[in-house]
Amino acid sequence: MERTDCMKIVIIHGQNHEGSTCLAARALAEKVGGETREFFLPRDFDRPCRGCYTCFQTELSKCPHYRELEPLASAMLEADLLILDSPVYVYHATGQMMSFLDHFGTWWVVHRPMPEMSRKQAVAISTAAGGGMKSACRDMTDSLEMWGVHKVYKLGFGVQAVKPSEIPAWIQKTIDKKTAALARKIQKNTGKQGYNPRARLWFALMRFAHRHFPPAEPDYGYWEAHGWHGKGRPWKTARE
Ligand SMILES: Cc1cc2nc3c(=O)[nH]c(=O)nc-3n(C[C@H](O)[C@H](O)[C@H](O)COP(=O)(O)O)c2cc1C
């Protein structure tokens with residue numbers, strides 16, 4: 001059995017419907033191969049962040065929305081491959097995708113780095129009628145990269161359509177070709193470990209800040225307990 005046969009894939013759709021974006025995400029997941037779980041926003045999580053700071057001041061599990069958030073958070077932590085997808089709405093990812101991502105501020109490497117991110121790959125996918133794929137993908141890769149995900153890829157498609165049946169055949173072919181090429185890359189990089197360069201840089205900057213400026217709790221204690229003020233690094237302690 002190839003390693004990718006047992007790859008765990010989680011797709012978070014930034015929309016409720018099965019349109020062009022959903023189809024592109026599913027096309028990629030099918031080509032990668034593995035066990036896929038899908039969540040739709042807002043159907044499976046519909047809460048905007050309250051801005052109460054409970055997660056930053058205590059921990060994410062104390063978030064007032066944690067009961068609803070937990071199935072998605074746990075699935076993402078268990079996954080080998082994360083796919084976040086969103087249609088472009090006014091040049092950005094959908095509001096519901098952004099509201100979802102707002103809940104994971106503590107996962108950012110500048111707060112409480114998650115060792116398990118170092119073994120994951122992730123893809124941000126967006127489709128637009130014409131433009132805005134780059135900024136919509138960026139809305140999603142900002143979180144994926146700052147969570148420390150090992151490899152983060154972007155796929156944007158200008159589909160010249162508002163629904164899948166309208167996508168011109170040549171664009172459909174491009175979607176097939178690009179998802180196939182990315183699936184091969186993902187399969188090749190499976191099992192590799194390490195934070196991406198952006199996360200490593202921010203880890204180094206925060207480590208310097210922790211050592212030279214008054215520490216912020218509970219972040220400081222979390223880093224200390226993991227040994228990251230010394231020689232330990234989150235990408236070296238990830239579970240097998
Ligand atoms: C509210 C709204 C805003 C949109 N904004 C843009 C935009 O800024 N640029 C663009 O090219 N298409 C825009 N579109 C079109 C969609 O991004 C495009 O049709 C996309 O492929 C739809 O994906 P879906 O089939 O997964 O819903 C917008 C559509 C909606 C409903």
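For the structure, see preceding data.
Presented here is a report on the structure given in the accompanying data block. (Residues numbered from 1 in each chain as written. Predicted model: local features only at pLDDT ≥ 70, side-chain atom pairs only at ≥ 80, totals over all residues. Heavy atoms only, no water.)

**Observations regarding the layout of surface pockets**
So, step 1. Of the voids in this model, the second largest pocket is the one considered here, and its volume is about 260 Å³.
So, step 2. Every residue lining the second largest pocket is counted, 13 residues in all, and those nearest its centre are Glu59, Leu60, Ser61, Trp107 and Met114.
So, step 3. Take the lining of the second largest pocket: its biggest share by element is three residues, from helix H3 (residues 66-78).
So, step 4. Classifying every residue of the lining of the second largest pocket gives eight nonpolar, three polar and two charged. (1 Å grid on protein atoms, 1.4 Å probe; cavity = no way out; pocket = protein on both sides within 12 Å on 5 of 7 lines; lining within 4 Å. Points joined across faces, edges and corners; volume = space filled by probe spheres on them. Helix = DSSP H or I, 4+ residues; strand = E, 2+ residues; numbered from the N terminus. Nonpolar A, V, L, I, M, F, W, Y, C, P; charged D, E, K, R; others polar.)

**Notes on the packing of helix H4 (residues 95-102) against helix H5 (residues 133-146)**
So, step 1. For the pair H4 and H5, the least separation of the axes is 11 Å and the interaxial angle reads 15 degrees. Relative to H5, H4 is oriented roughly parallel. In this structure, H4 crosses over H5, and the sense of that crossing is left-handed. Side by side, H4 and H5 meet where Met97, Met98 and Leu101 of the first sit next to Asp139, Met140 and Ser143 of the second.
So, step 2. Partitioning the contact of H4 with H5 into residue classes produces four nonpolar, one polar and one charged. (Axes fitted to C-alpha atoms, helices over the stretch in contact; angles between N-to-C directions. Parallel < 35°, antiparallel > 145°, perpendicular 65-115°, else oblique. Left-handed = near helix turned anticlockwise from the far one by under 90°. Contact = heavy atoms within 4.5 Å.)

**A few points about helix H1 (residues 20-32)**
So, step 1. Helix length check: H1, at 13 residues, gives a terminal C-alpha distance of 19 Å against a target of 18 Å (1.5 Å per residue), a fit within 8%.
So, step 2. Regarding H1, the residues found buried are Ser20, Thr21, Cys22, Ala24, Ala25, Ala27, Leu28, Ala29 and Val32.
So, step 3. Tucked inside the fold, the buried residues of H1 contact strand E1 (8-13), strand E2 (35-40), strand E3 (81-87), strand E4 (121-128), strand E5 (151-158) and helix H6 (169-189).
So, step 4. Within two residues after H1, Gly33 carries a phi angle of roughly 85 degrees, on the positive side. (Expected span 1.5 Å × (residues − 1). Buried < 20%, exposed > 50% of the residue type's maximum accessible area, 1.4 Å probe, protein only.)

**Quick notes on the environment of Gly156**
So, step 1. Of note, Gly156 is situated in strand E5.
So, step 2. Gly156 gets classed as partly exposed once you look at its relative accessible area, which sits at 32%.
So, step 3. Spatially, the C-alpha atoms of Gly156 and Ile11 are 16 Å apart, while their sequence positions differ by 145 residues.
So, step 4. Excluding anything up to four places from it in sequence, Gly156 contacts Ser126 and Met133.

**Some remarks on the side chain of Thr21**
So, step 1. For Thr21, the location among the structural elements is in helix H1.
So, step 2. Within the structure, the side chain of Thr21 is placed 3.0 Å from the side chain of Thr127, a separation counted as a polar contact.
So, step 3. Apart from residues no more than four positions distant in its own chain, Thr21 is found in contact with Gln15, Asp85, Ser86, Pro87, Ile125, Ser126 and Thr127. (Polar contact = N/O pair within 3.5 Å; in protein donor to acceptor, adjacent residues only side chain to side chain.)

**Points about the pattern of salt bridges**
So, step 1. With the rule as written, the count across this model stands at 11 salt bridges.
So, step 2. Note that Asp176 and Lys31 form a salt bridge whose closest N and O atoms lie 3.9 Å from each other. With Asp176 in helix H6 and Lys31 in helix H1, this pair connects stretches of sequence that are 145 residues apart.
So, step 3. Note that Glu145 is salt-bridged to Arg198, the shortest N-O span being 2.8 Å. Taken together, the positions of Glu145 in helix H5 and Arg198 in helix H7 (residues 197-212) put the pair 53 residues apart, joining distant regions of the chain.
So, step 4. Looking at Arg198, the relative accessible area reads 24%, which means it is partly exposed. (Salt bridge = Lys/Arg side-chain N within 4 Å of Asp/Glu carboxyl O.)

**A look at a nonpolar patch on the surface**
So, step 1. Together, Leu201, Trp202 and Leu205 give the surface a local cluster of nonpolar side chains, amounting to about 290 Å² of exposed area.
So, step 2. Residue position: Leu205 is located in helix H7.
So, step 3. Accessibility expressed as a relative area gives 42% for Leu205, which makes it partly exposed. (Patch = residues over 30% accessible without salt bridge, like charges linked within 9 Å, V, L, I, M, F, W, Y side chains within 5 Å. Areas by Shrake-Rupley, 256 points an atom, 1.4 Å probe, with all protein chains shown as cover.)

**Some remarks on the packing of aromatic side chains**
So, step 1. All told, the structure shown has 12 aromatic pairs when counted by the stated rule.
So, step 2. Plain terms: the ring middles of Phe45 and Phe100 are 6.1 Å apart, the flat faces sit at 70 degrees to each other, and that makes the pair edge-to-face. Pair noted here: Phe45 is in the loop between E2 and helix H2 (54-57) and Phe100 is in helix H4, with a separation of 55 residues, a long-range link. Accessibility classification places Phe45 together with Phe100 in one group, the buried group.
So, step 3. Measuring from centroid to centroid gives 5.3 Å for Tyr195 and Trp235, while their planes differ by 50 degrees, and the two rings are tilted. With Tyr195 in the loop between H6 and H7 and Trp235 in the segment after helix H8 (219-226), this residue pair connects regions lying 40 residues apart in the sequence. Like Tyr195, the residue Trp235 is buried in the burial classification. (Phe/Tyr/Trp six-rings, centres within 6.5 Å; stacked < 30°, edge-to-face > 60°.)

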